Amino acid sequence: MYMTYKELSAEQEKPLDYKIEKAVEALARGFAVSKHTCALAFSGGKDSTVLWDLIRRFLPEYAEMFYIIYGNTGVEYPESLQFAKWLGKEWGGNRFKETKPLPLEKDGLKYEAQCEVLKYMVEHDRLGEILTHEGKLKRTDILDDLCPPDMMEDFRRRKLIWKKGTPKNYYWCTDQYGYPLLGKSFSKLKAHRINIDCFLTYSKSKSEKPELAAYYDILRQVKISQACCDILKKEPSEKMQAELDVDVIFKGLMAAESRTRQTNFLSRGYLFESSRDHLPDGDSFWHCNPLSIWTDDDIWEYIHRYDVPYSKLYEIGWEDENGNFHVIPRNGCMPCGTDLLYANNHLATLRRTHPKAWKVFMKAGTAAEIQKLQQAKRNGQFSVLDFIDADYLIENRPCAFDRIDKLVMDDLTKDKGVTDYDPEEFDDIPEDV
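Owing to the predicted nature of the structure, the values given are computational and were not obtained by experimental measurement.

A. Spotlight on the overall build of the chain. In terms of regular secondary structure, the chain is built from 18 helices and 10 strands. Here the chain holds 433 residues, and the buried ones make up 51% of them. Accessible area for the chain stands at about 21,100 Å²; split by element, carbon and sulfur atoms hold 49% of it.

And the structure:
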């Protein structure tokens, strides 16, 4: 282990000047191990902005020697998107690279169509053609390949085909995988939803553990997944890194952000290596997290000390019934519901700060899945959460769900016509919402 929990806690208590020194040391080590090209993973948020400023301010000799890779997921906050593009031009010039979701390489069935083909195979006693001996799909696109021509024509008429070249955007992710609700620790199965359906119905290898049985029961009712993180962010970024021959990636991750990041830092330190296919045999790929011992307070202290620009997203907020003002704590994807069980969660905040965008995502299926989760809770099925990091849940005083008026929810779920979203459509949102 790189350091103990107690040692990390002591490091996090130290003054900003000490943390700046440690961050600069980590950055210098990162640049030193590179044999090819370095890059900064830039989100448009305050943490990665501070990391970029650290390089420019304290390591000016490297300031023009790395790329800045900005992952535009297509569902960014408009304020964050505008700031990222502005700063990219101001500080990065032609070294600023923007990624977007990758395109589909061929036509594919939408989830509704996949379900219909699966039903057809069951009715015609052809499951043996699509399932393994364990009861799992042999491959996701086998349903596309075995779809009868007349059904395929019907799907095209009903617009149930994802066409070749379509970006694997948020809507593709939610259709093919599910909605980002309840967090990564809950969404254990990382597979296409149709694969999960087959697993839950036909697999003989499902665990009999009580907590997993309860999890499977909820999963049968609710379409949830965390695959969007990899598809919208990781895949496009890694493709860009390969194109640029990157072998060191700098990230503004902090151990204080989550238990997973804390554990990773304790075991790996500021700089650790892995492998990537785009690099020559024998060459390592390096991950460098110079802000690991920093906290949000440190970030803001640094920003104010050095007058670092930041997205106006962090100045947007809302006032609750007790007069308390709540700000948006982090940027990221607007429709993310991974913290749905907590008071003032991401979606509850979005409803108040960006109501137009919130309504778009609710209409696009999020509302329907939240209603299913609410029903599962009323049925007592949410006892499954007792098995998921219970100490952490208690420590953070979760609420069941931020209350969303039933009439509003019913109204939102009536219209299923929303199929696309452009964050730049929401430029007219008042800054003082």
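B. Just the side chain of E369, in detail. Here E369 is to be found in helix α16 (residues 355-378). Taking relative accessible area as the criterion, E369 reaches 6% and is therefore assigned buried. Of note is the side chain of E369, whose polar atom sits 2.8 Å from the backbone nitrogen of K223. Aside from chain neighbours lying at most four places away, what touches E369 is Y179, L181, Q221, V222 and K223.

C. Fine view of the packing of aromatic side chains. Enumeration according to the criterion identifies 19 aromatic pairs in this entry. The interplanar angle of 50° and the centroid separation of 4.7 Å between the aromatic rings of Y302 and Y306 together place this pair among those described as tilted. With Y302 and Y306 both in helix α14 (residues 296-306) and 4 residues apart, this pair spans about one turn of that helix. What makes Y302 buried here is its relative accessible area of 0%. Counting every residue linked through ring pairs, the aromatic cluster contains F42, W52, Y70, W91 and F96. The ring of W162 carries K110 above its face, with NZ or CZ at 4.6 Å from the centroid. The ring centre of W358 lies 5.8 Å from the NZ or CZ of R351, which sits over that ring.

D. Layout of the pattern of salt bridges. Counting across every chain of the model gives 28 salt bridges. Across the pair K46 and D296 runs a salt bridge whose closest N-O atoms are separated by 3.2 Å. Remark: D296 occurs in helix α14 and K46 occurs in helix α3 (residues 46-58); sequence separation between them is 250 residues. Judged by its relative accessible area of 2%, K46 falls in the buried class. In this structure D296 comes out as partly exposed when scored by relative accessible area, which is 32%. A salt bridge links R305 to E301; its shortest N-O distance comes to 3.6 Å. Pair noted here: R305 and E301 are both in helix α14, with a separation of 4 residues, about one helical turn. When salt bridges that share partners are traced, they join E112, E116, D154, R157 and R158 into one network.

E. Structural context of the sheet that holds strand β8 (residues 285-288). Within the open sheet, the 6 strands sit side by side as β3-β2-β1-β6-β8-β7. Their pairing is mixed. Sheet topology places β3 (96-99) and β7 (271-274) at the edges, where each strand pairs with a single neighbour. When strand polarity is set aside, the average angle formed by the axes of neighbouring strands in this sheet is 25°. Seen against the sheet, helix α2 (residues 16-33) touches β1 (37-42), β2 (66-71), β6 (246-250), β7 and β8 and runs at an angle of roughly 170° to β6. Contacting β1, β2, β3, β6 and β8, helix α12 (residues 227-244) runs over the sheet at an angle of about 140° to β3.

F. Main features of the side chain of K223. Structurally, the position occupied by K223 is in the loop between α11 (210-221) and α12. Among buried charged residues, K223 stands out as having no salt bridge; its nearest opposite-charge side chain is D175, 4.3 Å away. Polar contacts involving the side chain of K223 include one to the main-chain carbonyl oxygen of D175, which spans 2.7 Å.

G. Representation of the confidence of the model for the chain within the structure. Summarising the model, the chain shows a mean pLDDT of 86, and 87% of its residues fall at 70 or more. Confidence drops under pLDDT 50 across residues 386-433; counting only partners more than four residues distant or on other chains, this segment forms 89 contacts.

Parameters at a glance
- Residues numbered from 1 in each chain as written.
- Predicted model: local features only at pLDDT ≥ 70, side-chain atom pairs only at ≥ 80, totals over all residues.
- Heavy atoms only, no water.
- Helix = DSSP H or I, 4+ residues; strand = E, 2+ residues; numbered from the N terminus.
- Buried < 20%, exposed > 50% of the residue type's maximum accessible area, 1.4 Å probe, protein only.
- Areas by Shrake-Rupley, 256 points an atom, 1.4 Å probe, with all protein chains shown as cover.
- Polar contact = N/O pair within 3.5 Å; in protein donor to acceptor, adjacent residues only side chain to side chain.
- Contact = heavy atoms within 4.5 Å.
- Phe/Tyr/Trp six-rings, centres within 6.5 Å; stacked < 30°, edge-to-face > 60°.
- Lys NZ or Arg CZ within 6 Å of the ring centre and 35° of its normal.
- Salt bridge = Lys/Arg side-chain N within 4 Å of Asp/Glu carboxyl O.
- Pairing = 2+ DSSP bridges.
- Axes fitted to C-alpha atoms, helices over the stretch in contact; angles between N-to-C directions.
- Lys, Arg positive; Asp, Glu negative; His and termini not counted.
- pLDDT = per-residue confidence, 0-100.

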